[in-house]
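One-letter residues, chain by chain:
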Amino acid sequence: MRSTGFEKPLYILPFDHRGSFQARMFGWNGALTPAQTAEIAGAKQVIYDGFKSAVRDGVPEQRAGILTDEQFGSAVLRDAAAHNYTTACCVEKSGQNEFDFECGEDFARHIESLRPTFSKVLVRYNAEGDVEVNARQTARLKRLSEYLHSTSGPRFMFELLVPAEERQLERLNGDKKAFDLQLRPQLMVRAIEELQQAGVEPDVWKVEGLDRREDCEKIVAAARRGGRDRVGCIILGRGEDDAKVHQWLTTAAAVPGFIGFAVGRTSFWDPLVAWRAKQITREQAVTAIEQRYRGFVDTFEDEIRRD
């Protein structure tokens, strides 16, 4: 069994979006034709080119990484591995409220065929949510955790989302910002502890942005409790605007245990939309993605140096 944890700085550009990307970016629903699949893969290549340009222009290669999917990003994953970039590949079924494996019982073979640095799951888990759903998810996640820790293959990255339950919002008069500030942080801690107790052991927790340093400290304490001293945490962007993401990164970077970020849509969405509308060239889209990604790297590293 391999020891759990990952402590190196980790600056991820994620573009593992599938169902939402297909529907919102392209307006396509249902089964795709080969030509449509290739077009989506081509858009993801634009994002990847922005990442590579950022590395060429100074983002530390040993700290940079990508997260994408097998459906549209397998060529990107293989190219990134050939260049020794850090890679992560999602294994969850897209667009589901309950976690399940994208490839069902065949998940291990798909992981082994791509051999990313990380296998990543996106899980919606509210400790006050549906008990049976949480139990089913946890059982599947424990299987994945045990498999990953028993092999010399990928490490385990866990993207934790805590959606508000209706009754939780009712207690806050429907105020979602109040939920983010007052309830979500403690629910994140509870989720981490419950999943650990059930045998789910990520090397990296990928969590929603936190506004207060003390909440970041509580997340790290939960992630590293019980001898899990090497486990890392990273902040996700949640599609927020630049200012909010920079605020979250500044807050997290000041806390030991937060090793980086994974900011996707805020990095690439607007440039891709403009490129597809022929408002900018492909080269301009690549440059815009590079600049946004590099800006997040600079924010995180500047705060580390200040701290």
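To be clear, the structure that these remarks concern was listed above.
Everything numeric in this text was worked out from a predicted model, so none of it was measured. Sequence positions are assigned chain by chain, starting from 1 and proceeding in written order. Only residues with pLDDT of 70 or above have their local features reported here, since the model is predicted, and side-chain atom pairs are shown and tallied only from 80 upward, although totals for entire chains, interfaces and linings are computed over all residues. Only hydrogens and water are set aside when side-chain values are computed; all heavy atoms of the structure are taken into account.

**Student:** Can you explain the sheet that holds strand β7 (residues 232-236)? Please cite residues and give values.
**Tutor:** In this description, strands pair whenever DSSP reports at least two bridges between them. In DSSP terms, a helix is any run of H or I states spanning at least four residues, a strand is any run of E spanning at least two, and both are numbered starting from the N terminus. Reading around the circumference, β1-β2-β3-β4-β5-β6-β7-β8 is the order of the eight strands in this closed barrel, with parallel pairing throughout. Averaged over neighbouring strand pairs, the angle between their axes works out to 25 degrees when direction is ignored. Summarising the sheet, strand β2 (residues 64-68) and strand β3 (residues 86-90) pair through four bridges and their orientation is parallel. Bridge pairing in β3 links Thr68 to Cys89. Only the contacting stretch of a helix is used when fitting its axis, a line to C-alpha atoms as for every element, and angles between N-to-C directions run 0 to 180 degrees.

**Student:** I'd love a proper account of helix α9 (residues 242-253), names of residues and values included.
**Tutor:** A rise of 1.5 Å per residue sets the reference length of α9, with its twelve residues, at 16 Å; its end C-alpha atoms lie 16 Å apart and thus fit the reference within 8%. Among all positions in α9, only Val245, Trp248, Leu249, Thr251, Ala252 and Ala253 are buried. Residues count as neighbours in contact if any of their non-hydrogen atoms are within 4.5 Å of one another. Turning to α9, the residues buried within the fold contact α8 (213-223), β7, β8 (258-262), α10 (265-276) and α11 (282-306). To estimate how far a helix should extend, the number of its residues minus one is multiplied by 1.5 Å. Whether a residue is buried, partly exposed or exposed follows from its accessible area with a 1.4 Å probe, protein chains only, as a fraction of its type maximum: under 20%, in between, or over 50%, in that order.

**Student:** Go over the packing of aromatic side chains, please, and point to the residues and values.
**Tutor:** Only centres within 6.5 Å qualify two rings of Phe, Tyr or Trp (six-membered ring in Trp) as a pair; their planes then separate them into stacked at under 30 degrees, edge-to-face at over 60, and tilted for everything else. For the coordinates displayed, the defined rule picks out 19 aromatic pairs. A connected cluster of aromatic rings, assembled from ring pairs, spans Tyr11, Tyr48, Phe51, Tyr85, Phe261, Tyr293, Phe296 and Phe300. The ring centre of Trp269 lies 4.7 Å from the NZ or CZ of Arg24, which sits over that ring. Here the basic side chain of Lys44 rests over the ring of Phe21, its NZ or CZ set 5.2 Å away from the ring centre. When the NZ atom of lysine or the CZ atom of arginine is within 6 Å of a ring's centre and also within 35 degrees of its normal, the charge is said to sit over that ring.

**Student:** An account of the environment of Leu183 is requested, with residue identities and associated values reported.
**Tutor:** Mapped onto the secondary structure, Leu183 falls in helix α7 (residues 176-197). Given a relative accessible area of 14%, Leu183 falls into the buried group. Separated by 21 residues in sequence, Leu183 and Val162 place their C-alpha atoms 9.8 Å apart. Leu183 has contacts with Gln168, Arg171, Leu172 and Ala178, leaving out every residue within four places of it along the chain.

**Student:** Go over the pattern of salt bridges with me, naming the residues and quoting the values.
**Tutor:** By definition here, a salt bridge exists when the distance from a side-chain nitrogen of Lys or Arg to a carboxyl oxygen of Asp or Glu is within 4 Å. As enumerated under the stated definition, the model contains 32 salt bridges in all. For Arg18, the salt bridge goes to Glu92, with nearest N and O atoms at 3.1 Å. Here Glu92 lies in the loop between β3 and α4 (107-114) and Arg18 lies in the loop between β1 (10-14) and α1 (19-26), a separation of 74 residues in the sequence. Judged by relative accessible area, Arg18 falls into the buried class, the value being 6%.

**Student:** I'd like a description of the nonpolar core, backed by residues and values.
**Tutor:** In this structure, Leu144, Phe158, Trp205, Phe258 and Tyr293 are the most contacted members of the largest nonpolar core, which totals 85 residues. Ignoring sequence-local partners within four residues, the contact set of Phe258 consists of Val207, Leu210, Cys216, Ile219, Val220, Cys233, Ile234, Ile235, Ala252 and Phe300. Working definition of a nonpolar core: buried Ala, Val, Leu, Ile, Met, Phe, Trp, Tyr and Cys residues. They are joined through side-chain atoms within 4.5 Å. The next biggest cluster of nonpolar side chains, apart from the first, holds eleven residues, and it includes Phe6, Leu10, Ala88 and Met157.

**Student:** Kindly report on α1, identifying the contributing residues and their values.
**Tutor:** Along α1, the positions that sit buried rather than exposed are Phe21, Gln22, Met25 and Phe26. The buried residues of α1 occupy one face: seen down the axis, they fall within an arc of 100 degrees. On its buried side, α1 packs onto α2 (34-56), α3 (70-82) and α10. The arc refers to the directions leading from the helix axis to the C-beta atoms.

**Student:** So what's going on with unusual backbone geometry? Which residues, and what values?
**Tutor:** Of note, the phi angle at Asn173 is positive, near 55 degrees, even though the residue is not glycine. Residue position: Asn173 is located in the loop between α6 (166-171) and α7. On the accessibility criterion, Asn173 (75% relative accessible area) is exposed. The residue Lys278 is not glycine, and still its phi comes out positive at about 65 degrees. Position of Lys278 among the secondary structure elements: in the loop between α10 and α11.

**Student:** Describe in detail the pairing of β8, supporting the description with residues and values.
**Tutor:** Among the five residues that make up β8, five are buried, leaving the element largely enclosed by the rest of the structure. In the sheet, β1 pairs with β8 via three bridges, with the strands oriented parallel. Note that in β8 the partner of Tyr11 across the bridge is Phe261. A crossover gets the label right-handed when its path from the first strand over the helix to the second runs clockwise, viewed with the strands pointing away from the viewer. Assessed by its sense of winding, the connection that carries the chain from β7 through α9 to β8 is right-handed.

**Student:** Describe the environment of Ala223, and please don't skip the residues or the numbers.
**Tutor:** Positionally, Ala223 belongs in helix α8. Residue Ala223 is classed as buried on the basis of its relative accessible area of 0%. A C-alpha to C-alpha distance of 8.2 Å links Ala223 and Val189, two positions 34 residues apart in sequence. Those residues in contact with Ala223 that sit more than four places away from it in its chain are Ile192, Gln196, Trp205, Arg228, Val231 and Cys233.

The quantities given are spatial measurements derived from coordinates; they are silent on function.
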